Amino acid sequence: MELSKEDLAVLISAEGEECGALFQLADQVRQRYLGEEVHLRGIVEFSNYCRNNCLFCGLRRNNWELSRYRMAPDEILESAHEAAGLGCKTIVLQSGEDEYYTAGILAELVHRIKKGLDVAVTLSVGDRPRADYETLRQAGADRYLLKQETCDPVLFGMLKPGSSLAGRIEKLRWLGELGFQVGSGNMVGLPGQTVETLAGDITLMRELKVEMAGIGPFIPNSQTPLGNCPGGTLELTLKTLAAARLAMRLVHLPATTAVRTIHPLGRERALRSGANVIMPNMTPLKYRTNYQLYPGKTGLGETPEESYATAVKAVHDAGRKVASGYGHSLTYAKS
Ligand code: SF4
């Protein structure tokens, strides 16, 4: 039986002992459908330039306090090699919306990574024309991450000036049509958000048949217009994550860096509430401090080796094991 939006809102509203039962049930569903493996996907944050001005994000165009950087393709490739050498079976290439990296540059990079390394490649480079997505898919990119952030069209328009939820949904559909394994995600605790919005986020991702749902807390950044808003809590984030696991049994759910940032054991708690992915940071140390979507991001002083090691430790501390495969998506047909 499919959980309705109303059912999901009830689950996300759980209080006290009900929360423990929700987390346990999500953990059992994860165990039954996905087993004990946790996929470690190495993320390389290769540029913090962004043409957009999202109200919540430290990379926003008008954040003049941020030092900007771009990694050269050879440097990105080197980081990908390092990540693969450590054991990552997926390389996630992420940046702000930086037009410096044309589809041609990115396609060449993807081609070189796929040719030289035994890894899957995820791209997270934002809104692009459909022709760009086609080029990137043809170059061999396996997955694309484009977060919806919120299913509330008014809130979306406020948070991301100049863009619309409808436009984002259209792009998510294109990506699926082009054969990408598609990732979306939302923030928990946004100003003006309700439990019903969070339930709607989950049903939208289910409707879009996303293969990955990145659900993390909103963390206010003083260098943005939302700097004085309260942030999302660990508990609400875990409840949303657990409800997502119950609604989408085979979806990949990361234990996010943001959840680790708001609580030292956030990542382990997420792994026990339905999550099955960790994305250790493979960005060279010299760039890392300048890729802060939100303040206080953990792991900024960790080398890629240390990031990988702490991720492995989190997996083992949660009584789980590191996955050996690529972690390609399991289809919804099996759910
Ligand atoms: S959320 Fe993405 S598109 Fe928006 S400012 Fe940040 S990096 Fe740019």
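Everything that follows concerns the structure shown earlier in this document.
Analysis parameters
- Residues numbered from 1 in each chain as written.
- Predicted model: local features only at pLDDT ≥ 70, side-chain atom pairs only at ≥ 80, totals over all residues.
- Heavy atoms only, no water.
- Helix = DSSP H or I, 4+ residues; strand = E, 2+ residues; numbered from the N terminus.
- Buried < 20%, exposed > 50% of the residue type's maximum accessible area, 1.4 Å probe, protein only.
- Near = heavy atom within 4 Å.
- Nonpolar A, V, L, I, M, F, W, Y, C, P; charged D, E, K, R; others polar.
- Phe/Tyr/Trp six-rings, centres within 6.5 Å; stacked < 30°, edge-to-face > 60°.
- Lys NZ or Arg CZ within 6 Å of the ring centre and 35° of its normal.
- Contact = heavy atoms within 4.5 Å.
- Polar contact = N/O pair within 3.5 Å; in protein donor to acceptor, adjacent residues only side chain to side chain.
- Salt bridge = Lys/Arg side-chain N within 4 Å of Asp/Glu carboxyl O.
- Pairing = 2+ DSSP bridges.
- Right-handed = clockwise from strand over helix to strand, strands pointing away.
- Core = buried A, V, L, I, M, F, W, Y, C linked by side-chain atoms within 4.5 Å.

Some thoughts on unusual backbone geometry
Then, number 1: Here the phi dihedral of Glu149 falls at roughly 65 degrees; this positive angle occurs in a residue that is not glycine.
Then, number 2: Examined against the element boundaries, Glu149 turns out to sit in the loop between β4 (143–145) and α6 (153–159).
Then, number 3: With a phi close to 55 degrees, Lys209 is a non-glycine residue in the positive phi region.
Then, number 4: Examined against the element boundaries, Lys209 turns out to sit in the loop between α8 (195–207) and β6 (212–217).
Then, number 5: On the basis of relative accessible area, Lys209 is assigned to the exposed category, the value being 52%.

What about the site of the ligand?
Then, number 1: Around the ligand, the neighbouring residues are Cys50, Asn52, Cys54, Phe56, Cys57, Leu59, Arg60, Gly96 and Lys160.
Then, number 2: Taken together, the residues that form the shell around the ligand break down as five nonpolar, two polar and two charged.

Points about the packing of aromatic side chains
Then, number 1: For the structure shown, the criterion picks out six aromatic pairs.
Then, number 2: For the ring pair Tyr133 and Tyr144, a centre distance of 4.9 Å and an interplane angle of 70 degrees mean the geometry is edge-to-face. Here Tyr133 is found in helix α5 (residues 130–138), whereas its partner Tyr144 is found in strand β4, with eleven residues between them in sequence.
Then, number 3: Look at Tyr144 and you get buried, because its relative accessible area is 1%.
Then, number 4: On the numbers, 5.7 Å between centres and 75 degrees between planes, the contact of Tyr144 with Phe180 is edge-to-face. Here Tyr144 is found in strand β4, whereas its partner Phe180 is found in the loop between α7 (165–177) and β5 (181–188), with 36 residues between them in sequence.
Then, number 5: The residue whose ring lies beneath Arg70 is Tyr49, and the NZ or CZ to ring-centre distance is 3.8 Å.

Here we look at the environment of Thr150
Then, number 1: Tracing the chain through its elements places Thr150 in the loop between β4 and α6.
Then, number 2: Here the alpha-carbon distance between Thr150 and Leu198, two residues 48 residues apart in the chain, equals 7.8 Å.
Then, number 3: Each residue touching Thr150, except ones within four places of it in the same chain, is listed here: Leu155, Phe156, Leu159, Leu165, Leu190, Thr197 and Asp201.
Then, number 4: Here Asp152 takes part through its backbone nitrogen, which lies 3.1 Å from a polar atom of the side chain of Thr150.

Details of the environment of Gly87
Then, number 1: One can find Gly87 in the loop between α3 (73–86) and β2 (90–95).
Then, number 2: When the C-alpha positions of Gly87 and Arg32 are compared, they lie 25 Å apart, and in sequence the two are 55 residues distant.

Notes on the pattern of salt bridges
A side chain with one charge may pair with a side chain of the opposite charge, provided their charged atoms come close.
Then, number 1: What the rule picks out here adds up to 19 salt bridges.
Then, number 2: Arg30 is the salt-bridge partner of Glu36, the closest N and O atoms lying 3.1 Å from each other.
Then, number 3: Glu36 gets classed as partly exposed once you look at its relative accessible area, which sits at 26%.
Then, number 4: Arg30 sits in the buried class, given a relative accessible area of 3%.
Then, number 5: Close ionic contact of Arg260 with Glu302 constitutes a salt bridge, the shortest N to O distance being 2.9 Å.

Quick look at the pairing of β2
Then, number 1: Within β2, six of the six residues are buried, leaving the element largely enclosed by the surrounding structure.
Then, number 2: Residues Thr90, Val92 and Gln94 point to one face of β2 and Ile91, Leu93 and Ser95 to the other, with burial holding for every one of them.
Then, number 3: Where strand β1 (residues 37–47) meets β2, six bridges bridge the pair, whose relative direction is parallel. By the bridge assignment for β2, Gly42 is matched with Ile91.
Then, number 4: With α3 bridging β1 and the parallel β2, this β-α-β connection has right-handed handedness.
Then, number 5: Examined bridge by bridge, β2 and strand β3 (residues 120–124) share five bridges and lie parallel to one another. Paired with Leu93 across the two strands is Leu123, which belongs to β3.

Quick notes on the nonpolar core
Across soluble globular proteins, nonpolar side chains show a tendency to be buried alongside one another.
Then, number 1: Membership of the largest hydrophobic core comes to 98 residues, with the highest contact counts inside it found for Phe46, Leu93, Ile113, Tyr144, Phe180 and Ile278.
Then, number 2: Among the elements that take part in this core, helix α9 (residues 234–247) stands out by supplying eight residues, more than any other.
Then, number 3: Not counting chain neighbours up to four residues away, the residues in contact with Leu93 comprise Val44, Phe46, Ile76, Leu109, Ile113, Thr122, Leu123, Ser124 and Val125.

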